[in-house]
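Examination of the molecular architecture
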Amino acid sequence: MSVAITGIGCVSGLGCGADEHLQAFRSGRSGLGKVTLFQTKLQVPVAEVKMSNEQLKDQLGLDPDRLFSRTALLGMTAGKQAFQDAGLSKGRLRIGLISSSSVGGMDLSEQFFTEYSVNPGKGRLRMVAHHDIGDHTECIADYLQLDGFRTSISTACSSSANAIMFGARMIEQGLLDAVIAGGADALCRFTLNGFNSLMILDKAPCRPFDESRTGLNLGEGAGYLVLQSEKSLTPGTKVYCRLTGYANANDAYHQTASSPEGEGAFLAMLHALGKAGIESATVDYINVHGTGTNNNDLSESTAIKRLFGEYVPPFSSTKPFTGHTLGAAGGLEAVFSVLALHERVIFPNLNFKTPIMQTGLSPVTRMREDQDITTVLSNSFGFGGNNASLIFQK
Amino acid sequence: MDSYSVYIQSVASIYPEGEPVEGRFSINEPDYKEWIKEAGSRRRMSRIVKMGVTAGLQCLQNMAVKPEAIITATGLGCLADTEKFLQSIGSLNEELLSPTPFIQSTFNTIGAQIALLSDNKAYNSTYVHRAFSFESALLDGMMQLQTGNADSVLVGAVEELTPTVFYILERMGAWRKFPAGEGTSFFLLGNEKTHQTVARIVAVDMQRGNFSKDQLTQKRSDLLRRNGVSDARIVSEEMFKPICGEYQTASSFGLWYACTQLNGNGFVLITNSWLNNYTAVVIEKFTKE
C-alpha cells in the first residue's frame, strides 16, 4: 500500500511557493544573508524568509493585531499552499494535520523572557502563551478550519520527516484519508546562540561535503506535503509521486554528534529501502542532510558509501540555498524531493570544491535538467541521534 | 488491518508522593545513581531528563526484551534547560555560552538518552502536542504493534514543574481545578499476553473542541460501544490529579493509576482534559497470575 503526494507547500529564504524555489535553484541564488529579524552580535550568514510577520499576516489575510509566533505564520503560509495545491476541502475526507517544529513560539518567548527575568510579575502573558510546539499546529488547523486529528512531533532536525512518516502510517492503517504533514521553524536568538555555543556555525556560506567545511548556516521556513490514501483519490486528482519508503533509526552514539560509521543514518536509509521494497541501485538522487558540519558530512558520507558501495547516486545538499531550517528541514527537503521528480531535475550543492579526503564523494554542483529520475531518497538527521529517511517514487 | 492486540507488560512512574506545598506538587526523587551510573551524565542531565530516563529504565528492568521503538511525550519539554540557556544569552551577552543546556533543551532528549543508555538503535520519536502528547505517543506505539512492525515498544511521558512555568501558568489560571504537578510514567507495550501482562489497551481517543458535559458523556459511551465494551469503571482526572497534580501529560499518570491502584480486573475508561483537549484511554485490566 502506498501513499500519494497530492499537494506541496514551501516557504524559505528562497521565497514563497514552489515556483520561487525552482527559480532560485535554477539561477543558483542562495537565500543566505545578514540577520535582520532580531538584535544579535553574532556575525554569521542566515537564510531568513524575506517577509516580516506583518507581511506574512497580510498575505494570509489575518488580523494584523492578532499575535502569532513567526513559526505559526510560516507554517500557515506553507500549509495553506499544500492544502490548496491538493484541492482539499472540508467534509468529504478525514483530514489530519501532523506538524513539527524545534522551537515553536520561541521568538515570542524570548521577548517575554526579557521582561520576566527582571520581574516575574511582568511580561505579557499572550507572548508566552504560544511557546509550546502544539501552538503552531493548532494555529494551522484553525486557519485551514480543520477539526480532525492533529498532533505535533519534535525530534530536533529530523522532526518533519517523522511527521511525514507518522502521517503515512496513519493513512496506511486506514485511520485517515489525507494528512497535511511537515514542519515549520522560525529563526530566533535561542537557536542561533545554541549552534554558536556548539561552535558549528560557519561565518561564511556553508560548504556541505567539501573538505574545507567548517559548519552550518541556519535558516527558517516551512514545508508541508499532502499525503492521501489511494482510495481517497478521485479521477483528475493530480498525483506528484508516491511516498513508498520511510524509516527512523537512532544512532545511540552521542546526544549531538553522529557516530563515525554513520550507523543511525545507515539503518534509516537501509530500512527505508526495505519498506519501499527496492534495491539501493534504484535510487536516482539523494537529497542529503548535508549540513556542512565536519561531523555530519563525514558520517553521512560513510553511511552512504556503506549502503551504496561503489555506485553512489547523484546527491546534493540544498542547505547552502536555504540554510539549515532545523525542524522544518525534513518538510522543505521532502518538497524539494517531490519537485525533483516532478520537474525531472537535480539541485546543485553550492560552494563545493574539494571532496572529503576520507570518503572522496562529490555532490552534484550544477542544476541538472531533463533527468530521468524515478526514485529520490531524502535524509534528515538530528540531535539525540534521531535519523529519518524518506523515499519518493514516480 | 489491526491484526495484533496491544498489551501493557510493565509500568513505572515517578510521581509526587506527598501533599502539595504552596499549590505545587513535586515528585519523590529516586536515587538516580542506581539508574544513571555515569556521574558525568548525571551531572549534565537536568531534573526532567533524569526523572524521565530513570522511569524509562525502571520500566525496562527485569523485562527480557529490547523495545523496537522508544516513543516519548512531553507538553513543554525541558523547560529548566531552555530557561537556563535563555538566561545565559542575556547575562553573558551572547558570548562563551555553555552548550550543555542548549543540547539538552530539545524535546527529544529523554527518548534519545534512553536509547543511548540502553544502546537501542530502533525507532525513536517524541510527541509534543499539549494534552494530546501522551495519547499520540500511545497511538504511535499501538500502531507499531498492531501492524507487526514491532513486538515491543516503550512509551512514556514526562513533565517538569519549574518555578517559571508555575508562575506563568498560575497567572494564566491553569491551576484553578488542581494543584500544579509534574511526573513521568512509562509503559512497556507488547503484542503477546504473558504472566506479567498488566492490561490490554483497547482504544485511545483524542477530541478537541468546546464540549458540554453531556456531549463528552456521549462521546465516551460511543467509544466504549465502538469497541464492544458494555461496562467500564471510570478513572477520571478527579481521581488521579489530586495525587499527581495538573500537567499537560498527567493522563499518563492516570493510566499508571488505573494499571496499579485499582483492584480486580475488567474494563477501565481513563479520561482527561486540559483546555479544549479531551482524551480517553480504554483498557482491559487483568489480575496478575
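Residues numbered from 1 in each chain as written. Chains lettered and ligands numbered in written order. Predicted model: local features only at pLDDT ≥ 70, side-chain atom pairs only at ≥ 80, totals over all residues.

**Observations concerning the overall build of chain A**
For chain A, the helix and strand inventory stands at twelve helices and 13 strands. Against the 2.2 N^0.38 benchmark of 21 Å for 394 residues, chain A shows a C-alpha radius of gyration of 20 Å, consistent with a compact globule. In terms of its C-alpha atoms, chain A occupies a principal-axis envelope of roughly 60 × 50 × 40 Å. Looking at chain A residue by residue over its 394 residues, the buried ones come to 64%. Partitioning the intrachain contacts of chain A with sequence separation of at least 6 by distance along the chain shows that 81% fall at a separation of at least 24. (Helix = DSSP H or I, 4+ residues; strand = E, 2+ residues; numbered from the N terminus. Rg over C-alpha atoms; globule rule 2.2 N^0.38 Å. Buried ≥ 20, exposed ≤ 12 C-beta atoms within 10 Å, placed from the backbone. Contact = placed C-beta atoms within 7 Å.)

**Notes on the confidence of the model for chain B**
Chain-level statistics for chain B give a pLDDT mean of 95 and a share of 98% at 70 or above. This prediction of the complex comes with two scores: 0.97 for pTM and 0.97 for ipTM. (pLDDT = per-residue confidence, 0-100.)

**Description of the domain arrangement of chain B**
All names here are of chain B. The domain boundaries assigned to chain B delineate domain 1 (6-190) and domain 2 (202-285). One C-alpha centre belongs to domain 1, the other to domain 2; they are set 21 Å apart. Among the elements of the structure, strand 1 (6-14), helix 6 (133-146), strand 4 (152-159) and strand 5 (183-190) are those that each provide at least two residues to the side of domain 1 that touches domain 2. Per-element tally for the side of domain 1 that touches domain 2: the top contributor is helix 6, with six residues. The class makeup of the residues in the side of domain 1 that touches domain 2 is 22 nonpolar, eight polar and five charged. (Domains from an automatic or database assignment. Nonpolar A, V, L, I, M, F, W, Y, C, P; charged D, E, K, R; others polar.)

**Let's talk about the nonpolar core**
Residues and elements named next belong to chain A. Ile5, Leu225, Val226, Leu227, Ala272, Val338 and Ala340 are the most contacted members of the largest nonpolar core, which has 216 residues in total. Sort the elements by how many residues they give to this core and helix 12 (residues 329-343) lands first, with nine residues. The contacts of Ala272, once residues within four sequence positions are left out, are Gly245, Tyr246, Ala247, Leu377, Ser389, Leu390 and Ile391. (Core = buried A, V, L, I, M, F, W, Y, C linked by C-beta atoms within 7 Å.)

**Comments concerning the interface of chain A and chain B**
Contacts between chain A and chain B engage 46 residues on the former and 44 residues on the latter. Elements represented by at least two residues in the side of chain A that touches chain B include exactly helix 4 (106-116), helix 5 (125-128), helix 6 (133-143), strand 5 (150-153), helix 7 (159-172), helix 8 (189-197), strand 9 (241-250) and helix 9 (263-276) of chain A. Here the side of chain A that touches chain B gets five residues from one element, more than from any other, and that element is helix 8 of chain A. Each residue belonging to the side of chain A that touches chain B can be placed in one class, and the counts come to 16 nonpolar, 24 polar and six charged.

**Describing unusual backbone geometry**
One non-glycine residue, A:Ala156, lies in positive phi territory at about 55°. By secondary structure assignment, the location of A:Ala156 is in the loop between strand 5 and helix 7. A tally of 26 C-beta atoms within 10 Å means that A:Ala156 is categorised as buried. Positive phi is not limited to glycine here, since B:Asp119 has a value of about 45°. Within the secondary structure, B:Asp119 is located in the loop between helix 5 (109-117) and strand 3 (123-127).

**Topic: the packing of helix 8 of chain A against helix 3 (residues 79-91) of chain B**
Any two packed helices are characterised by how steeply their axes cross, that is the angle between the axes, and by the distance between the axes. The interhelical angle for the contact between helix 8 of chain A and helix 3 of chain B, taken along N-to-C directions, is 85°, at an axis separation of 10 Å. It follows from the interaxial angle that helix 8 of chain A and helix 3 of chain B lie roughly perpendicular. Where helix 8 of chain A approaches helix 3 of chain B, its residues A:Arg189, A:Phe190, A:Asn193 and A:Gly194 are matched on the opposing element by B:Phe85, B:Leu86 and B:Ile89. A class-by-class count of the residues in the contact of helix 8 of chain A with helix 3 of chain B yields four nonpolar, two polar and one charged. (Axes fitted to C-alpha atoms, helices over the stretch in contact; angles between N-to-C directions. Parallel < 35°, antiparallel > 145°, perpendicular 65-115°, else oblique.)

**Considering the packing of helix 2 (residues 53-60) of chain A against helix 3 (residues 70-85) of chain A**
Residues and elements named next belong to chain A. Where helix 2 meets helix 3, the closest approach of the two axes is 10 Å, and the angle between their N-to-C directions is 35°. The hand of the helix 2/helix 3 crossing is left-handed. Mapping the contact onto sequence places Asn53, Leu56, Lys57, Gln59 and Leu60 in helix 2 and Arg70, Leu73, Met76, Thr77 and Lys80 in helix 3. (Left-handed = near helix turned anticlockwise from the far one by under 90°.)

**Quick word on the domain arrangement of chain A**
Residue and element names in this part refer to chain A. What the domain assignment reports for chain A is domain 1 (3-232) and domain 2 (241-393). The centre of domain 1, based on its C-alpha atoms, is set 21 Å off from the matching centre of domain 2. The partner domain 2 presents 57 residues to the 63 residues of domain 1 that form the contact. Among the elements of the structure, strand 1 (3-12), helix 1 (18-27), strand 3 (46-47), helix 7, strand 6 (178-185), strand 7 (218-219) and strand 8 (221-229) are those that each provide at least two residues to the side of domain 1 that touches domain 2.

**A look at the environment of A:Ala329**
Positionally, A:Ala329 belongs in helix 12. With 51 residues separating them in the primary sequence, A:Ala329 and A:Ser380 have C-alpha atoms 7.4 Å apart.

**What about helix 8 (residues 213-226) of chain B?**
Residue and element names in this part refer to chain B. For helix 8, built from 14 residues, the straight-helix expectation of 20 Å at 1.5 Å per residue is met to within 8% by its first-to-last C-alpha distance of 20 Å. For helix 8, the buried fraction is low: one of the 14 residues fall into the buried class. Gly228, located one to two residues past helix 8, shows a positive phi value of around 65°. (Expected span 1.5 Å × (residues − 1).)

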